[in-house]
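Residues per chain, in single letters:
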Amino acid sequence: MIVSLCSDAAAISELAASRVADLLRARPTAVLGLPTGRTPIQMYAELVRMHKEEGLDFSQATSFNLDEFVGIGPDHPGSYHAYMAEHLFNHVNLPAQRAHLLDGLASDLDAECDRYEVSIVDAGGLDLQILGIGANGHIGFNEPADGLSARTHRVALLPESREGNAVFFGGRVADVPREALSMGMGTILKARRILLLATGAGKRDAIEAAVRGPVTTRVPASFLQLHPSVEILCDNDAAAGLR
Ligand code: PGA
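Residues numbered from 1 in each chain as written. Predicted model: local features only at pLDDT ≥ 70, side-chain atom pairs only at ≥ 80, totals over all residues. Heavy atoms only, no water.

Trainee: Explain the sheet that holds strand β3 (residues 62–65) to me, please; I cannot follow it from the model alone.
Mentor: Sheet strands pair via backbone hydrogen bonds, and the direction of the pair is either parallel or antiparallel. Spatially, β1-β10-β9-β6-β2-β3-β5 is the arrangement adopted by the seven strands of the open sheet, whose pairing is parallel. The outermost strands of the open sheet, each flanked by one partner alone, are β1 (2–5) and β5 (99–100). Bridge count for strand β9 (residues 193–198) against strand β10 (residues 230–234) is five bridges, and the pairing is parallel. By the bridge assignment, Leu195 is partnered in β10 with Glu231. With respect to the sheet, helix α1 (residues 9–26) is in contact with β2 (31–34), β6 (128–131), β9 and β10, its orientation differing from that of β9 by roughly 160°. (Pairing = 2+ DSSP bridges. Helix = DSSP H or I, 4+ residues; strand = E, 2+ residues; numbered from the N terminus. Contact = heavy atoms within 4.5 Å. Axes fitted to C-alpha atoms, helices over the stretch in contact; angles between N-to-C directions.)

What follows is the structure, given as C-alpha coordinates:
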(Lines give C-alpha, C1' and ligand atoms only; values in the text may rest on other atoms or scores of the structure.)
Protein backbone atom coordinates (compact mmCIF):
# COMPACT_ATOMS: atom_id res chain seq x y z
CA MET A 1 0.00 0.00 0.00
CA ILE A 2 1.45 3.37 -1.03
CA VAL A 3 0.23 6.61 0.56
CA SER A 4 0.93 9.66 -1.61
CA LEU A 5 0.68 12.94 0.24
CA CYS A 6 -0.66 15.82 -1.86
CA SER A 7 -0.80 19.50 -0.92
CA ASP A 8 -4.54 19.90 -1.44
CA ALA A 9 -7.66 18.55 -3.13
CA ALA A 10 -6.68 20.09 -6.46
CA ALA A 11 -3.33 18.25 -6.42
CA ILE A 12 -5.06 14.97 -5.53
CA SER A 13 -7.51 15.44 -8.38
CA GLU A 14 -4.77 16.17 -10.90
CA LEU A 15 -2.71 13.18 -9.80
CA ALA A 16 -5.75 10.88 -9.85
CA ALA A 17 -6.73 12.10 -13.32
CA SER A 18 -3.16 11.58 -14.52
CA ARG A 19 -3.25 7.98 -13.23
CA VAL A 20 -6.42 7.38 -15.27
CA ALA A 21 -4.98 9.14 -18.33
CA ASP A 22 -1.73 7.14 -18.15
CA LEU A 23 -3.73 3.92 -18.03
CA LEU A 24 -5.97 4.92 -20.96
CA ARG A 25 -2.97 5.88 -23.07
CA ALA A 26 -1.17 2.61 -22.30
CA ARG A 27 -4.31 0.48 -22.59
CA PRO A 28 -7.12 2.23 -24.49
CA THR A 29 -9.52 -0.65 -23.74
CA ALA A 30 -9.05 -0.25 -19.97
CA VAL A 31 -11.90 -1.17 -17.63
CA LEU A 32 -12.39 1.51 -14.99
CA GLY A 33 -14.23 1.19 -11.68
CA LEU A 34 -15.64 4.61 -10.89
CA PRO A 35 -16.75 6.29 -7.64
CA THR A 36 -19.21 9.07 -6.90
CA GLY A 37 -19.38 11.47 -3.93
CA ARG A 38 -17.89 14.90 -3.40
CA THR A 39 -14.24 13.85 -3.45
CA PRO A 40 -13.86 12.77 -7.13
CA ILE A 41 -15.76 15.71 -8.65
CA GLN A 42 -12.56 17.66 -9.37
CA MET A 43 -10.85 14.54 -10.76
CA TYR A 44 -13.70 14.17 -13.25
CA ALA A 45 -13.41 17.88 -14.14
CA GLU A 46 -9.71 17.35 -14.86
CA LEU A 47 -10.46 14.27 -17.00
CA VAL A 48 -13.02 16.29 -18.97
CA ARG A 49 -10.42 19.03 -19.46
CA MET A 50 -7.86 16.46 -20.64
CA HIS A 51 -10.39 15.02 -23.08
CA LYS A 52 -11.28 18.45 -24.51
CA GLU A 53 -7.81 20.03 -24.53
CA GLU A 54 -5.45 17.07 -24.89
CA GLY A 55 -7.62 14.57 -26.74
CA LEU A 56 -7.71 12.01 -23.92
CA ASP A 57 -9.67 9.21 -25.56
CA PHE A 58 -12.33 7.14 -23.80
CA SER A 59 -13.74 5.64 -27.00
CA GLN A 60 -12.52 2.09 -26.32
CA ALA A 61 -12.78 2.19 -22.51
CA THR A 62 -15.37 0.55 -20.29
CA SER A 63 -16.57 1.69 -16.88
CA PHE A 64 -18.46 0.21 -13.97
CA ASN A 65 -19.72 2.42 -11.17
CA LEU A 66 -19.35 1.24 -7.61
CA ASP A 67 -22.90 1.68 -6.43
CA GLU A 68 -26.37 3.17 -6.95
CA PHE A 69 -29.34 3.98 -4.75
CA VAL A 70 -32.35 1.67 -4.67
CA GLY A 71 -35.73 3.11 -5.58
CA ILE A 72 -34.70 6.05 -7.74
CA GLY A 73 -34.14 6.04 -11.47
CA PRO A 74 -31.44 7.51 -13.70
CA ASP A 75 -33.42 10.72 -14.18
CA HIS A 76 -33.53 11.46 -10.47
CA PRO A 77 -31.01 14.27 -9.81
CA GLY A 78 -29.74 12.47 -6.70
CA SER A 79 -28.98 9.25 -8.56
CA TYR A 80 -25.42 8.27 -9.35
CA HIS A 81 -26.52 7.89 -12.98
CA ALA A 82 -27.28 11.63 -12.96
CA TYR A 83 -24.04 12.42 -11.13
CA MET A 84 -21.96 10.51 -13.69
CA ALA A 85 -23.78 12.14 -16.61
CA GLU A 86 -23.18 15.58 -15.13
CA HIS A 87 -19.55 15.13 -14.15
CA LEU A 88 -18.17 12.80 -16.82
CA PHE A 89 -20.31 10.92 -19.29
CA ASN A 90 -21.94 13.95 -20.95
CA HIS A 91 -18.50 15.45 -21.65
CA VAL A 92 -16.26 12.62 -22.86
CA ASN A 93 -16.44 10.02 -25.64
CA LEU A 94 -17.04 6.94 -23.47
CA PRO A 95 -19.70 4.93 -25.38
CA ALA A 96 -22.94 4.81 -23.38
CA GLN A 97 -23.29 1.05 -23.83
CA ARG A 98 -19.97 0.53 -22.05
CA ALA A 99 -20.67 2.93 -19.15
CA HIS A 100 -22.23 0.51 -16.68
CA LEU A 101 -24.23 1.41 -13.58
CA LEU A 102 -26.44 -0.69 -11.37
CA ASP A 103 -30.18 -0.25 -11.87
CA GLY A 104 -31.75 0.75 -8.56
CA LEU A 105 -35.22 0.33 -10.08
CA ALA A 106 -34.69 -3.26 -11.25
CA SER A 107 -37.71 -5.45 -10.47
CA ASP A 108 -35.38 -8.19 -9.18
CA LEU A 109 -32.54 -6.47 -7.34
CA ASP A 110 -30.67 -9.69 -6.55
CA ALA A 111 -30.71 -10.64 -10.22
CA GLU A 112 -29.48 -7.14 -11.06
CA CYS A 113 -26.51 -7.64 -8.71
CA ASP A 114 -25.72 -11.02 -10.29
CA ARG A 115 -25.97 -9.49 -13.77
CA TYR A 116 -23.47 -6.79 -12.76
CA GLU A 117 -20.94 -9.31 -11.46
CA VAL A 118 -21.17 -11.26 -14.73
CA SER A 119 -20.78 -8.06 -16.78
CA ILE A 120 -17.57 -7.15 -14.94
CA VAL A 121 -16.12 -10.61 -15.54
CA ASP A 122 -17.23 -10.54 -19.20
CA ALA A 123 -15.45 -7.19 -19.63
CA GLY A 124 -12.24 -8.82 -18.41
CA GLY A 125 -12.30 -7.51 -14.84
CA LEU A 126 -11.48 -4.07 -13.46
CA ASP A 127 -8.06 -2.69 -14.42
CA LEU A 128 -8.27 0.30 -12.08
CA GLN A 129 -10.81 0.78 -9.30
CA ILE A 130 -11.01 4.33 -7.99
CA LEU A 131 -12.49 4.75 -4.53
CA GLY A 132 -13.52 7.43 -2.07
CA ILE A 133 -13.80 6.51 1.60
CA GLY A 134 -16.63 7.18 4.02
CA ALA A 135 -15.88 8.83 7.35
CA ASN A 136 -17.01 5.48 8.77
CA GLY A 137 -14.47 3.59 6.66
CA HIS A 138 -16.88 2.34 4.01
CA ILE A 139 -15.75 1.78 0.41
CA GLY A 140 -18.50 1.73 -2.15
CA PHE A 141 -21.48 1.11 0.11
CA ASN A 142 -19.76 -1.71 1.97
CA GLU A 143 -20.78 -0.43 5.38
CA PRO A 144 -19.06 -1.35 8.67
CA ALA A 145 -20.71 -4.52 9.99
CA ASP A 146 -20.01 -7.87 11.60
CA GLY A 147 -19.71 -9.36 8.14
CA LEU A 148 -19.13 -8.04 4.63
CA SER A 149 -20.45 -9.24 1.28
CA ALA A 150 -17.98 -10.43 -1.31
CA ARG A 151 -20.25 -9.88 -4.30
CA THR A 152 -22.38 -7.03 -5.57
CA HIS A 153 -25.34 -6.85 -3.19
CA ARG A 154 -28.23 -4.89 -1.77
CA VAL A 155 -27.36 -2.93 1.38
CA ALA A 156 -29.17 -0.87 4.02
CA LEU A 157 -27.37 2.46 4.37
CA LEU A 158 -26.15 3.60 7.78
CA PRO A 159 -27.40 7.00 8.98
CA GLU A 160 -23.98 8.61 8.49
CA SER A 161 -23.85 7.45 4.88
CA ARG A 162 -27.30 8.92 4.22
CA GLU A 163 -26.18 12.17 5.88
CA GLY A 164 -23.04 12.21 3.75
CA ASN A 165 -25.18 12.01 0.62
CA ALA A 166 -27.76 14.62 1.62
CA VAL A 167 -25.84 17.18 -0.44
CA PHE A 168 -27.04 15.33 -3.57
CA PHE A 169 -30.67 15.51 -2.34
CA GLY A 170 -30.97 19.25 -1.73
CA GLY A 171 -29.55 18.85 1.78
CA ARG A 172 -32.54 16.75 2.90
CA VAL A 173 -31.33 13.56 4.63
CA ALA A 174 -34.91 12.28 4.71
CA ASP A 175 -34.91 12.20 0.91
CA VAL A 176 -31.77 10.04 0.65
CA PRO A 177 -32.81 6.46 -0.15
CA ARG A 178 -32.42 3.94 2.67
CA GLU A 179 -30.93 1.23 0.49
CA ALA A 180 -28.37 0.90 -2.26
CA LEU A 181 -26.78 -1.68 -4.52
CA SER A 182 -23.01 -1.87 -4.18
CA MET A 183 -20.09 -3.79 -5.55
CA GLY A 184 -18.93 -6.15 -2.84
CA MET A 185 -15.57 -6.33 -1.14
CA GLY A 186 -14.47 -9.17 -3.38
CA THR A 187 -15.59 -7.28 -6.48
CA ILE A 188 -13.40 -4.34 -5.44
CA LEU A 189 -10.43 -6.41 -4.27
CA LYS A 190 -10.32 -8.30 -7.57
CA ALA A 191 -9.43 -5.06 -9.38
CA ARG A 192 -5.86 -5.15 -10.67
CA ARG A 193 -5.07 -1.72 -9.18
CA ILE A 194 -6.88 0.42 -6.64
CA LEU A 195 -6.63 4.19 -6.18
CA LEU A 196 -8.32 5.72 -3.13
CA LEU A 197 -8.82 9.48 -2.76
CA ALA A 198 -9.31 11.16 0.62
CA THR A 199 -9.46 14.84 1.50
CA GLY A 200 -10.20 16.76 4.67
CA ALA A 201 -10.07 16.21 8.41
CA GLY A 202 -13.36 14.31 8.28
CA LYS A 203 -11.49 11.39 6.69
CA ARG A 204 -8.53 11.40 9.11
CA ASP A 205 -9.77 8.65 11.43
CA ALA A 206 -10.96 6.47 8.55
CA ILE A 207 -7.60 6.74 6.78
CA GLU A 208 -5.68 6.01 9.96
CA ALA A 209 -7.83 2.94 10.66
CA ALA A 210 -7.66 1.77 7.06
CA VAL A 211 -3.86 2.05 6.82
CA ARG A 212 -2.65 1.40 10.36
CA GLY A 213 -5.46 -0.47 12.05
CA PRO A 214 -6.25 -4.16 12.07
CA VAL A 215 -8.05 -5.62 9.08
CA THR A 216 -11.62 -5.63 10.33
CA THR A 217 -15.12 -5.71 8.90
CA ARG A 218 -15.76 -2.67 11.13
CA VAL A 219 -13.49 -0.67 8.80
CA PRO A 220 -14.14 -2.09 5.33
CA ALA A 221 -11.32 0.01 3.82
CA SER A 222 -8.83 -1.84 6.08
CA PHE A 223 -9.19 -4.82 3.70
CA LEU A 224 -7.24 -2.79 1.16
CA GLN A 225 -4.15 -3.74 3.21
CA LEU A 226 -4.53 -7.21 1.69
CA HIS A 227 -4.40 -5.98 -1.92
CA PRO A 228 -1.06 -5.98 -3.76
CA SER A 229 -1.49 -2.67 -5.62
CA VAL A 230 -3.20 0.13 -3.70
CA GLU A 231 -2.32 3.81 -3.82
CA ILE A 232 -3.99 6.23 -1.43
CA LEU A 233 -3.92 9.92 -2.35
CA CYS A 234 -4.40 12.08 0.75
CA ASP A 235 -4.18 15.75 1.61
CA ASN A 236 -2.49 16.78 4.87
CA ASP A 237 -5.73 16.80 6.85
CA ALA A 238 -6.78 13.31 5.77
CA ALA A 239 -3.26 11.97 6.41
CA ALA A 240 -2.86 13.64 9.83
CA GLY A 241 -3.38 10.37 11.73
CA LEU A 242 -0.52 8.68 9.85
CA ARG A 243 2.23 10.95 11.17
P1 PGA B 1 -17.47 11.82 -0.26
O2 PGA B 1 -17.94 10.31 -0.15
O3 PGA B 1 -16.49 11.86 -1.39
O4 PGA B 1 -18.72 12.58 -0.57
O5 PGA B 1 -16.86 12.19 1.04
C6 PGA B 1 -16.97 9.31 -0.15
C7 PGA B 1 -17.62 7.98 0.11
O8 PGA B 1 -18.59 7.93 0.87
O9 PGA B 1 -17.14 6.98 -0.42
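Trainee: Quick question: what am I supposed to make of helix α2 (residues 41–54) here?
Mentor: A turn of α-helix holds 3.6 residues, and therefore any two residues three or four places apart point the same way. Compared with an ideal rise of 1.5 Å per residue, which puts 14 residues at 20 Å, α2 spans 19 Å between its outermost C-alpha atoms and is within 8% of the ideal. Listed in full, the buried residues belonging to α2 are Met43, Tyr44, Glu46, Leu47, Val48, Met50 and His51. In this structure, the buried side of α2 is in contact with α1, β2, α3 (80–89), β6 and β9. Phi turns positive, to about 75°, at Gly55, one or two residues after α2. (Expected span 1.5 Å × (residues − 1). Buried < 20%, exposed > 50% of the residue type's maximum accessible area, 1.4 Å probe, protein only.)

Trainee: How should the site of the ligand be read in this particular structure?
Mentor: All residues in the neighbourhood of the ligand are listed as Gly37, Arg38, Thr39, Gly132, Ile133, Gly134, His138 and Lys203. The contact in question runs from an oxygen atom of the ligand to an N or O atom on the side chain of Lys203, over 2.6 Å. Burial of the ligand by the protein amounts to 85% of the accessible area it has alone, namely 280 Å². Its residues assigned to classes, the shell around the ligand shows one nonpolar, five polar and two charged. (Near = heavy atom within 4 Å. Polar contact = N/O pair within 3.5 Å; in protein donor to acceptor, adjacent residues only side chain to side chain. Areas by Shrake-Rupley, 256 points an atom, 1.4 Å probe, with all protein chains shown as cover. Nonpolar A, V, L, I, M, F, W, Y, C, P; charged D, E, K, R; others polar.)

Trainee: Whenever I open this one, the nonpolar core confuses me. Can you help?
Mentor: Soluble globular proteins: nonpolar side chains tend toward being buried together. One finds Leu47 and Leu88 to be the most contacted residues of the largest nonpolar core, which totals 42 residues. Of all the secondary structure elements, the ones that give two or more residues to this core are α1, β2, α2, α3, β6 and β9. Sort the elements by how many residues they give to this core and α1 lands first, with seven residues. Once residues lying within four places of it in the same chain are set aside, the contact partners of Leu47 are Ala17, Val20, Leu56, Phe58 and Leu88. Counting residues in each nonpolar core, the second largest holds 34 residues, with Met183, Ile188, Ala210 and Ile232 among its members. (Core = buried A, V, L, I, M, F, W, Y, C linked by side-chain atoms within 4.5 Å.)

Trainee: Just checking my understanding: could you explain the packing of α1 against α2 for this structure?
Mentor: What describes two packed helices is the angle between their axes and the distance between those same axes. Two elements in contact, α1 and α2, have axes separated by 8 Å at closest approach and are oriented at 50°. Judged by the inter-axis angle, α1 sits oblique to α2. Note that α1 runs across α2; the crossing there is right-handed. From α1, Ala9, Ala10, Ser13, Glu14, Ala16, Ala17, Ser18, Val20, Ala21 and Arg25 reach across to α2, where they touch Gln42, Met43, Glu46, Leu47, Met50 and Glu54. (Parallel < 35°, antiparallel > 145°, perpendicular 65-115°, else oblique. Left-handed = near helix turned anticlockwise from the far one by under 90°.)

Purely geometric stuff here, so don't read any function into it on its own.
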